Amino acid sequence: GAGVSQTPSNKVTEKGKYVELRCDPISGHTALYWYRQSLGQGPEFLIYFQGTGAADDSGLPNDRFFAVRPEGSVSTLKIQRTERGDSAVYLCASSFSPGGGGSAYNEQFFGPGTRLTVL
Amino acid sequence: AQSVTQPDIHITVSEGASLELRCNYSYGATPYLFWYVQSPGQGLQLLLKYFSGDTLVQGIKGFEAEFKRSQSSFNLRKPSVHWSDAAEYFCAVGAHGAGTALIFGKGTTLSVSS
């Protein structure tokens, strides 16, 4: 079956613009995670969805960042008024969570990421 | 707070030589521990994980890792490195509990020389 897919693979935008990044998780995976990976760093957690709801958004850096998952499958990460410091690779991961509770116990499968460059 | 330290930013190993990548973690109890590999243009791939039990865990591609509670370490090893192992390696920790995300180290870049 298909893995996690992310579109676009690359996005170049200008400072102040709005961007949307899309994640298609593995079919049937109820848990979805967004991470951000800056140059020379490991991935940093942004937000976690269980089904349609954001169960943990403690990693979002500020209110310019927002994510949705309206039907419990595809998710969109939205960044308003982009800044140069937002430039990074944005990774999406999904996992199957029996019982719906979610847990680090369940393997997270990562997509290839979207490289965002803010000029 | 949980954290992961990978002391080596870049390591070069000759093909066929053994490899050890270091990982130290900070966590109040026994965490879930993971090693991921990231090749250029590829997503992160899970190599192995430790949850409990036997402290020596085997993974894919001939990798293994040993959990040492006394040293708060989870070092990754491979007895004989292949050129295709050149990539970036990340150690990560996950907390017990529902929905917890992973905390990653900064990664170690492995180069393989012929």
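Structure: above.
Caption draft 1: Region of the structure containing the overall build of chain B. Secondary structure assignment for chain B yields zero helices and 12 strands. Whereas a compact globule of 114 residues would reach a radius of gyration of roughly 13 Å, chain B reaches 14 Å, a difference of no more than 12%. On the principal axes, the C-alpha backbone points of chain B span a range of 45 × 30 × 25 Å. Expressed as a percentage of the 114 residues in chain B, the buried residues total 47%. The contacts of chain B with a sequence gap of at least 6 include a subset with a gap of at least 24, amounting to 53%. Looking at charge distribution, chain B has the averaged site of its 8 positive side-chain charges lying 6 Å from that of its 8 negative ones.

Caption draft 2: Broad picture of the interface of chain B and chain A. Listed by partner, the interface residues are 23 residues for chain B and 20 residues for chain A. Overall, the association of chain B and chain A removes approximately 1,600 Å² of surface from exposure, summing both partners, and the carbon and sulfur fraction of that is 58%. Here chain B is connected to chain A by zero salt bridges. Connecting chain B to chain A are three residue pairs in polar contact (both at pLDDT 80 or more). When residues of the side of chain B that touches chain A are traced back to their parent elements, those giving at least two are strand S5 (32–38), strand S6 (45–50), strand S10 (87–94) and strand S11 (102–104) of chain B.

Caption draft 3: Representation of the pairing of strand S3 (residues 19–24) of chain A. Residue and element names in this part refer to chain A. Side chains Val19, Leu21 and Cys23 of S3 all project onto a buried face; the interleaved residues Glu20, Arg22 and Asp24 project onto a face where none is buried. Taken together, the three bridges between strand S1 (residues 5–7) and S3 define a ladder with antiparallel strand orientation. The partner of Gln6 across the bridge, within S3, is Cys23. Where S3 and strand S8 (residues 75–79) come together, five bridges link them in antiparallel fashion. Residue pairing for S8: Arg22 is matched across the bridge by Thr76.

Caption draft 4: Structural view of the pattern of salt bridges. Applying the stated criterion across every chain yields a total of seven salt bridges over all chains. Here Asp24 of chain A ties to Arg22 of chain A by a salt bridge, and the two come within 2.8 Å at their closest N and O atoms. With a closest N to O distance of 2.8 Å, Asp85 of chain B and Lys78 of chain B form a salt bridge. Put simply, Arg64, Glu83 and Asp86 of chain A are held in one network by salt bridges that share partners.

Caption draft 5: Just the state of the cysteines, in detail. For the structure on display, the rule yields two disulfides over all chains. Put simply, Cys23 of chain A and Cys92 of chain A are joined by a disulfide, and their sulfur atoms are 1.8 Å apart. Its S-S torsion of about -65° marks the bond between Cys23 of chain A and Cys92 of chain A as left-handed, since a negative value means left-handed. Taken together, the residues span a long stretch of sequence, with Cys23 of chain A in strand S3 and Cys92 of chain A in strand S9 (residues 88–95) at a distance of 69 residues. A residue is classified by how much of its surface remains accessible, and Cys23 of chain A, at 0% relative accessible area, is buried. Residue Cys92 of chain A is classed as buried on the basis of its relative accessible area, which comes to 0%. Note that Cys23 of chain B is cross-linked by a disulfide to Cys91 of chain B, the S-S spacing being 2.0 Å.

Rules behind the numbers
- Residues numbered from 1 in each chain as written.
- Chains lettered and ligands numbered in written order.
- Predicted model: local features only at pLDDT ≥ 70, side-chain atom pairs only at ≥ 80, totals over all residues.
- Heavy atoms only, no water.
- Helix = DSSP H or I, 4+ residues; strand = E, 2+ residues; numbered from the N terminus.
- Rg over C-alpha atoms; globule rule 2.2 N^0.38 Å.
- Buried < 20%, exposed > 50% of the residue type's maximum accessible area, 1.4 Å probe, protein only.
- Contact = heavy atoms within 4.5 Å.
- Lys, Arg positive; Asp, Glu negative; His and termini not counted.
- Charge placed at Lys NZ, Arg CZ, Asp CG, Glu CD.
- Buried area = accessible area lost by both parts, 1.4 Å probe.
- Salt bridge = Lys/Arg side-chain N within 4 Å of Asp/Glu carboxyl O.
- Polar contact = N/O pair within 3.5 Å; in protein donor to acceptor, adjacent residues only side chain to side chain.
- Pairing = 2+ DSSP bridges.
- Disulfide = S-S within 2.5 Å.

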